[in-house]
Amino acid sequence: MYFKEELGVDAYAPNCEMLSENLLFAMYHHSTLTRIQERTLDSFHDKNGKCRLIFATNALGMGVNFQDIRFIVHYGPPREMEELVQQIGRAGRDGKPAHALIMYNGRHLKNCDQSVKDMCKATSGCLRKRMLADFGVEDLQSQEKHNCCINCHKECLCSDDKCPIPFPEISRTKTTIKENLNTRKITLEQKQLLEELLRDNISVMSSGLLNFLGVDGTALFSESLIKKVLKHAKFVFTTDYILENLPVFKSEHAMDILCMFNDVFEDVDEGELDANQCSSFDEDYIYNVEMYICDEFLEESSDSDCTISDTDDELV
């Protein structure tokens, strides 16, 4: 959904209608509808197929034989070395050069076998040898080092004591924790109110998932987003923080969430708020929020006077 929104017409094959079958990318997982799985596989098998990229889980693994895959990218390595070798083996099956890239952070390695951890962290030595050692493979086919792995490429001196093949610009970076983040203390009542507001209004952020995923992922997506918002609640003071740290991809949706935070905590800087940018809030929503707060207040204090003005809808 994110790529469709960002790319617009460029998400589709050139000179083709903006239809699902003309998308340049697809998603493949165990819940994807069978007809969409078949369409994706057919497109990838066809040299003239329109699909050029698949976002997949390990559901797209054994039993699949694409001849001309040039790149495999893992976001987090598989748990076992056997899985890793099998999955990157999807590429280069036509005998031509192909590349496999693993993107990961420390959390991704938590449940991996030690051999996988060691390979991901290795900054020297042949990675191919590390991967194949568990399978009893010792003699690898001789080839130029720049065609082997990233560690071997660094040592390649194949032409006049240097390598003419540019070294890929890939680096290992350490995650930095931002200091001096604003924080807030959150009471149980505030957390419950925030969760209620999220559940009532967050479904709009999940709209459109059905066509792209091939399943109705709205409920699952909403639940996951709510949990993440609540987990980060003490740090949420800007839309920038929401877009950087939560699975929210539209600025107006980030603003919606920030408005909810301000309704509950009343501590968001006015300069961060833009009611005109909100995608789902209107006067009825604000009225309902005020009524909810009023009801909560009345439950705690039966002798308090809490009413909604008929003239200006202000909480008085």
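Everything here concerns the structure above.
Not measured: the values here are computed from a predicted model. (Residues numbered from 1 in each chain as written. Predicted model: local features only at pLDDT ≥ 70, side-chain atom pairs only at ≥ 80, totals over all residues. Heavy atoms only, no water.)

**Student:** Tell me about the overall build of the protein, residues and numbers included.
**Tutor:** Along its length, the protein carries 12 helices and 4 strands. Taking all 316 residues of the protein together, the buried fraction comes to 33%. Partitioning the intrachain contacts of the protein with sequence separation of at least 6 by distance along the chain shows that 52% fall at a separation of at least 24. Carbon and sulfur atoms make up 48% of the accessible area of the protein, which totals about 21000 Å². (Helix = DSSP H or I, 4+ residues; strand = E, 2+ residues; numbered from the N terminus. Buried < 20%, exposed > 50% of the residue type's maximum accessible area, 1.4 Å probe, protein only. Contact = heavy atoms within 4.5 Å. Areas by Shrake-Rupley, 256 points an atom, 1.4 Å probe, with all protein chains shown as cover.)

**Student:** Run through the environment of Met-81, naming residues and quoting values.
**Tutor:** Position of Met-81 among the secondary structure elements: in helix α3 (residues 81-88). Considering only alpha carbons, one finds Met-81 and Leu-132, 51 residues apart in sequence, at a separation of 8.7 Å. Not counting chain neighbours up to four residues away, the residues in contact with Met-81 comprise Ser-115, Val-116, Met-119, Arg-130, Met-131, Asp-134 and Phe-135.

**Student:** For the state of the cysteines, give the residues involved together with the corresponding values.
**Tutor:** A full pass over the atoms with the stated rule returns 0 disulfides. Of all cysteine sulfurs in the structure, the one in Cys-152 sits closest to Cys-149, which takes part in no disulfide; the separation is 3.6 Å. (Disulfide = S-S within 2.5 Å.)

**Student:** Tell me about the packing of aromatic side chains, and name the residues and values.
**Tutor:** Going through the model one piece at a time under the given rule, you end up with 4 aromatic pairs. In this structure, Arg-184 is placed above the aromatic ring of Phe-237, and the distance from its NZ or CZ to the ring centre is 4.0 Å. It is Arg-184 that lies over the ring of Phe-265; its NZ or CZ is 4.4 Å from the centre. (Phe/Tyr/Trp six-rings, centres within 6.5 Å; stacked < 30°, edge-to-face > 60°. Lys NZ or Arg CZ within 6 Å of the ring centre and 35° of its normal.)

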